[in-house]
Amino acid sequence: MCKIVTVTLNPAVDKTIHLPRLRPGDLNRAGRVRRDPGGKGINVARALKQWGENPLAIGWAGGYPGRWILERLEEWGIEHRFVELEAETRTNLKIVEEEADRVTDINEPGNPIDEEAIKRFLKVYDAAIERAEIAVLSGSLPPGVPSDFYGTLIDRAKRRAVKVYLDADGAALSEGIRRGPYAVKPNLAELERHVGRPLNDEDDRFMAAKGLLDRGVRLVALSMGGEGAWFFTDGKAIRAQAPRVSVSSTVGAGDAMVAALVMGQLRKWPLDEVIRFVVAAASAAASKEGTQFATLEETRSLMDQVKLSCRSMISCLGERGQ
Ligand SMILES: Nc1ncnc2c1ncn2[C@@H]1O[C@H](COP(=O)(O)OP(=O)(O)O)[C@@H](O)[C@H]1O
Ligand SMILES: O=P(O)(O)OC[C@H]1O[C@](O)(COP(=O)(O)O)[C@@H](O)[C@@H]1O
């Protein structure tokens, strides 16, 4: 039985190319090139499987790239139930500039999904969550899928007492938040887009997180790249510094974070241990080439470097937070 279901509605082949520096408008010759199965839910399932969990990955997959992804999942022993389509799964380009120490993502929109495919997916989803404890909904929605689709999936999961972890952007995130998922993992830019204003200081970030908690979200994990993350839950705000790693590709770091959060909470670890595991797993993923995840041992070896500081949200926000 799979306790964790990961949903990837817009999977991707992640094509990572390395260059010394990108010269826009000029001829660029790539150095190393690699392809990894990607899409946020698939990555969460990959990381969980690597750490000994048995997730079920579901979603839509199409054409030759879709079959290639499913074959990799088979190879890794990841259970999956994707609705197969003719239209090809997208390719997302990740440009790693080695001299500039920078990654640029160019993500395709994906191919349109029709009503029939939506119906077929909902059958798979309902069956999958029947016996699950956790559903991870992550990534963009392909064209043709209504922007409140995560809201629909959250409602169905909540009716069966399945905890939902949501990691999305734009309207998919905002509409999902309205339906009160258990946890959300925005990065800073995503949270800024959700609240519609820059979040320059701690107070701004606390207020934005409080807005989500007020809507019924129980845990907000706000990731901030190399600066680490904030975790807001039960009236506490916990800041975690990211460990120093030699960064190779940050692609998948956010997904490692979601996977680690799910695993730590499923195993009922104490909150401080969960948070150190989460941030260590994300930073360890950033040290890997392409879209890849660290082993449990590699992750554990970084945990001591994740320094935590805890504050009470109520005393920090004072009058503003009432
Ligand atoms: N340059 C970095 N050095 C160390 N850790 C990093 C770095 N970039 C990202 N991480 C880790 O990955 C986590 C998620 O990264 P972030 O870029 O915020 O999310 P996302 O990948 O979802 O955009 C961070 O909280 C941090 O733990
Ligand atoms: O669905 P979206 O938002 O286009 O994101 C898909 C991309 O996100 C990734 O899952 C990586 O996400 P993170 O870097 O946030 O962990 C890639 O594998 C994939 O190409």
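Since the model is a prediction, treat every value here as computed from it, not as a measurement. The residue numbers shown here count from 1 along each chain, following its written sequence. Each chain takes a letter, starting from A, and each ligand takes a number, starting from 1, following the order in which they are written. Only residues with pLDDT of at least 70 get local features here, since the model is predicted, and only at 80 or more are side-chain atom pairs given and counted; chain-wide, interface and lining totals rely on the full set of residues. Processing note: side-chain calculations cover all non-hydrogen atoms of the structure and skip hydrogens and water entirely.

**Focus on the pattern of salt bridges**
Here is step 1 of the chain: Only one rule defines a salt bridge in this text: a Lys or Arg side-chain nitrogen within 4 Å of an Asp or Glu carboxyl oxygen. Under the defined criterion, the tally for this structure stands at 17 salt bridges.
Here is step 2 of the chain: We note a salt bridge from Arg-34 to Asp-36, for which the minimum N-O separation is 2.6 Å.
Here is step 3 of the chain: Here Arg-178 makes a salt bridge to Glu-175, at a shortest N to O gap of 3.9 Å. Taken as a pair, Arg-178 and Glu-175 lie in helix 5 (residues 170-178) at a separation of 3 residues, close to a single helical turn.
Here is step 4 of the chain: Three labels apply to residues, based on accessible area from a 1.4 Å probe with only protein chains included: buried if under 20% of the type maximum, exposed if over 50%, partly exposed otherwise in between. Among the residues examined, Arg-178 registers a relative accessible area of 52% and is labelled exposed.
Here is step 5 of the chain: Salt bridges sharing partners connect three or more residues here, namely Arg-32, Glu-98 and Glu-289. In this text, helices come from DSSP runs of H or I with a minimum length of four residues, and strands from runs of E with a minimum of two, each type numbered from the N-terminal end.

**Observations concerning the site of ligand 1**
Here is step 1 of the chain: Taken together, 18 residues surround ligand 1, and among them Lys-185, Asn-187, Ser-223, Gly-225 and Ser-283 come closest.
Here is step 2 of the chain: Any pair of N or O atoms that falls within 3.5 Å is considered a polar contact. Within protein, one atom must be able to donate a hydrogen and the other to accept it, and sequence-neighbouring residues count only if both atoms are side-chain atoms. Within the backbone of Gly-228, a nitrogen or oxygen atom sits 3.0 Å from an oxygen atom of ligand 1.
Here is step 3 of the chain: One of the side-chain nitrogen or oxygen atoms of Ser-283 is found 2.8 Å away from a nitrogen atom of ligand 1.
Here is step 4 of the chain: Here ligand 1, which alone exposes 560 Å², has 82% of that area covered by the protein.
Here is step 5 of the chain: Elements supplying a minimum of two residues to the shell around ligand 1: helix 8 (253-266) and helix 9 (271-286). For this purpose, a residue is taken to be near a molecule or strand whenever a single non-hydrogen atom of the residue falls within 4 Å of it. Using the Shrake-Rupley algorithm and a 1.4 Å probe, accessible areas are obtained, with residue cover drawn only from the displayed protein chains.

**Overview of the sheet that holds strand 5 (residues 79-85)**
Here is step 1 of the chain: Paired strands are those between which DSSP finds at least two bridges. Taken in spatial order, the 10 strands of this open sheet run 5-4-1-8-9-10-11-12-13-14, and their pairing is mixed. Of all the strands in the sheet, just strand 5 and strand 14 (308-312) have a single pairing partner and so form its edges.
Here is step 2 of the chain: We call two residues in contact when some of their heavy atoms are within 4.5 Å. Helix axes use the C-alpha atoms of the stretch in contact, all axes being lines fitted to C-alpha atoms, and the angles between their N-to-C directions lie in the range 0 to 180 degrees. Against the sheet, helix 3 (residues 115-129) engages strand 1 (4-8), strand 4 (56-62), strand 5 and strand 8 (134-138), with an angle of about 170° to strand 4.

**Details of the site of ligand 2**
Here is step 1 of the chain: Around ligand 2, the structure places 17 residues, and the nearest of them are Asp-14, Lys-40, Asn-92, Ser-140 and Asp-255.
Here is step 2 of the chain: Contact distances for ligand 2 include 3.0 Å between an oxygen atom and a side-chain N or O atom of Arg-90.
Here is step 3 of the chain: Protein chains bury 86% of the 490 Å² of accessible surface belonging to ligand 2 in isolation.
Here is step 4 of the chain: Residues are grouped as follows: Ala, Val, Leu, Ile, Met, Phe, Trp, Tyr, Cys and Pro are nonpolar; Asp, Glu, Lys and Arg are charged; every other residue, Gly included, is polar. Partitioning the shell around ligand 2 into residue classes produces 2 nonpolar, 10 polar and 5 charged.

**Examining the packing of aromatic side chains**
Between two aromatic rings, the relevant description is the distance of the centres plus the angle of the planes.
Here is step 1 of the chain: Geometry of aromatic contacts follows a simple scheme: Phe, Tyr and Trp rings, the Trp one being its six-membered ring, pair when their centres are within 6.5 Å, and the pair is stacked under 30 degrees between planes, edge-to-face over 60, tilted otherwise. In the structure shown here, the tally under the stated rule is 10 aromatic pairs.
Here is step 2 of the chain: With centroids separated by 5.4 Å and ring planes inclined at 80°, the aromatic side chains of Phe-206 and Phe-232 adopt a geometry described as edge-to-face. Placement of the pair is Phe-206 in helix 7 (residues 202-214) and Phe-232 in strand 12 (residues 229-233), with a sequence separation of 26 residues.
Here is step 3 of the chain: Here Phe-206 falls in the buried class, since its relative accessible area comes to 1%.

**Some words on the pairing of strand 2 (residues 12-19)**
Here is step 1 of the chain: Among the 8 residues of strand 2, 7 are classified as buried, and the element is accordingly described as predominantly covered.
Here is step 2 of the chain: Bridging between strand 2 and strand 6 (residues 90-97) involves 8 bridges; their strand directions are parallel. Opposite Ile-17, over in strand 6, you have Ile-95 as the bridge partner.

**Digging into the pairing of strand 11 (residues 219-223)**
Regular strands place side chains that alternate from one sheet face to the opposite one.
Here is step 1 of the chain: Within strand 11, 5 of the 5 residues are buried, which leaves it mostly tucked inside the rest of the structure.
Here is step 2 of the chain: Of the two faces of strand 11, the one holding Leu-219, Ala-221 and Ser-223 and the one holding Val-220 and Leu-222 are both buried throughout.
Here is step 3 of the chain: Judged from the 5 bridges that link them, strand 11 and strand 12 form a sheet pairing that is antiparallel. In the sheet register, Ser-223 faces strand 12, and the bridge partner there is Ala-229.

**A word on the packing of helix 1 (residues 40-50) against helix 8**
Here is step 1 of the chain: In the contact formed by helix 1 and helix 8, the axes pass within 8 Å of each other and the chain directions differ by 55°. It follows from the interaxial angle that helix 1 and helix 8 lie oblique. The handedness of the crossing between helix 1 and helix 8 is right-handed. In this structure, helix 1 contributes Lys-40, Asn-43, Val-44, Ala-47 and Leu-48 to the contact, and helix 8 contributes Asp-255, Val-258, Ala-259, Val-262 and Met-263.
Here is step 2 of the chain: Taken together, the residues of the contact of helix 1 with helix 8 sort by class into 7 nonpolar, 1 polar and 2 charged. An angle counts as roughly parallel when it lies under 35 degrees, as roughly antiparallel when it exceeds 145, as roughly perpendicular when it falls between 65 and 115, and as oblique in every other case. Helix crossings get a hand from a simple test, with the near helix turned counterclockwise from the far one by less than a right angle marking a left-handed crossing and a clockwise turn marking a right-handed one.

**Digging into the side chain of Ser-248**
Here is step 1 of the chain: By secondary structure assignment, the location of Ser-248 is in the loop between strand 13 (236-240) and helix 8.
Here is step 2 of the chain: When sequence neighbours within four positions are dropped, the list of residues in contact with Ser-248 reads Val-96, Ala-286, Ser-287, Lys-288 and Glu-289.

**Details of the UniProt feature "domain: Carbohydrate kinase PfkB" (unreviewed entry) in the chain**
Here is step 1 of the chain: Feature annotation in UniProt places "domain: Carbohydrate kinase PfkB" (unreviewed entry) on residues 9-294, given in this structure's numbering.
Here is step 2 of the chain: Along residues 9-294, the helical share is 38% and the strand share 24%, with 24 Å between the first and last C-alpha atoms. UniProt positions are given in the numbering used here, feature names are shortened, and annotations may be inferred rather than shown by experiment.

**Some thoughts on the nonpolar core**
Here is step 1 of the chain: As used here, the term nonpolar core means buried Ala, Val, Leu, Ile, Met, Phe, Trp, Tyr and Cys residues forming a set that is joined through side-chain atoms within 4.5 Å. Grouped together as the largest cluster of nonpolar side chains are 51 residues, with contacts concentrated most on Trp-60, Phe-121, Tyr-125, Leu-137, Phe-149 and Phe-232.
Here is step 2 of the chain: Once residues within four sequence positions are removed from consideration, Phe-232 is found in contact with Arg-205, Phe-206, Ala-209, Leu-213, Arg-218, Leu-219, Val-220, Leu-222, Ala-237 and Met-313.
Here is step 3 of the chain: If you look at the next biggest cluster of nonpolar residues, it comprises 43 residues, including Val-44, Ala-260, Val-274 and Val-278.

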